[in-house]
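As a plain string of letters, each chain reads:
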Amino acid sequence: MTGSFDFVSTEDKPALIAFSTPEWLEVAQTALRELGYKVHTAATHSDFLVRFGQVHYQVVIVEELFAANNIEENLTLQALQNMPVNQRRHSTIFLLGDTFQTLSPSEGFKYSVHAVVSSSEMFLLKQLVEKTVAENNLFLHSFREVQNRVYSSGSRL
């Protein structure tokens, strides 16, 4: 984790990325910045968890081998998979790696993420993020609308 404090305002679109491959990290940062996201980078699993617990990130991208030799050792992915849905509902979560078929629904379901992306199609990352975030927002629109009405009326779900 860097020593600098990065303020996130209500107008910001925060994104959190966790990569071990520097080239992929650079591609992801560029794609997200072009989409207007304020990008934070996690250096370790614990750094990821601290950051994720502090900010409601709109987009999260995790490399399948982030600080791991195989996907089963990826503690960040394990933490996301085991996290209650209400703690991660605010994020659209992507898993990126060599072994995926881009946007495969069964692989996304298997890993409890919104979308998987093949590293061979990283050149499409900007469009894939834009498409998946829009679909997720459309899917959750009614839920969020009802939730806001309930909260504004003082009732509890």
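To keep things clear, this report deals only with the structure shown in the data block. (Residues numbered from 1 in each chain as written. Predicted model: local features only at pLDDT ≥ 70, side-chain atom pairs only at ≥ 80, totals over all residues. Heavy atoms only, no water.)

**So, the overall build of the chain**
For step 1, the next point in the chain: Within the chain, the secondary structure is distributed over six helices and five strands.
For step 2, the next point in the chain: Starting at the N terminus, the α and β elements of the chain follow one another as β-α-β-α-β-α-α-β-α-β-α.
For step 3, the next point in the chain: For the chain, the proportion of its 157 residues judged to be buried stands at 45%.
For step 4, the next point in the chain: Looking at the chain alone, contacts between residues at least 24 apart form 59% of all its contacts between residues at least 6 apart.
For step 5, the next point in the chain: Roughly 9,000 Å² of accessible area belongs to the chain as shown, and the carbon and sulfur atoms make up 54% of that amount. (Helix = DSSP H or I, 4+ residues; strand = E, 2+ residues; numbered from the N terminus. Buried < 20%, exposed > 50% of the residue type's maximum accessible area, 1.4 Å probe, protein only. Contact = heavy atoms within 4.5 Å. Areas by Shrake-Rupley, 256 points an atom, 1.4 Å probe, with all protein chains shown as cover.)

**Examining the packing of aromatic side chains**
For step 1, the next point in the chain: Considering all chains together, one arrives at two aromatic pairs under this definition.
For step 2, the next point in the chain: Residues Phe48 and Phe52 carry aromatic rings whose centres are separated by 5.7 Å and whose planes lie at 10 degrees to one another, so their mutual orientation is stacked. Taken together, the residues Phe48 and Phe52, both in helix 2 (residues 45-54) and four residues apart, mark about one turn of the helix. One exposure class covers both Phe48 and Phe52, and it is buried. (Phe/Tyr/Trp six-rings, centres within 6.5 Å; stacked < 30°, edge-to-face > 60°.)

**A word on helix 1 (residues 22-34)**
For step 1, the next point in the chain: A rise of 1.5 Å per residue sets the reference length of helix 1, with its 13 residues, at 18 Å; its end C-alpha atoms lie 18 Å apart and thus fit the reference within 8%.
For step 2, the next point in the chain: Every buried residue of helix 1 is listed here: Trp24, Leu25, Ala28, Gln29, Ala31 and Leu32. Seen from one end, helix 1 has its buried residues packed into an arc of 165 degrees, which puts them on one side. Counted as exposed and oriented over 90 degrees from the buried face of helix 1: Pro22, Glu23 and Glu26.
For step 3, the next point in the chain: Taken from the residues just after helix 1, Gly36 is the one with a positive phi, measuring 90 degrees. (Expected span 1.5 Å × (residues − 1). Arc of directions from axis to C-beta.)

**Some details on the sheet that holds strand 1 (residues 14-18)**
For step 1, the next point in the chain: Spatially, five strands are ordered 2-1-3-4-5 in an open sheet, and the strand pairing comes out parallel. With one partner strand each, in any of the chains shown, strand 2 (38-41) and strand 5 (115-118) form the two edges of the open sheet. Strand-to-strand twist of the sheet, defined as the mean angle between neighbouring strand axes without regard to direction, takes the value 20 degrees.
For step 2, the next point in the chain: Pairing geometry for strand 4 (residues 92-97) and strand 5, over four bridges, is parallel. Counterpart to Leu95 in the pairing with strand 5 is Val116. (Pairing = 2+ DSSP bridges. Axes fitted to C-alpha atoms, helices over the stretch in contact; angles between N-to-C directions.)

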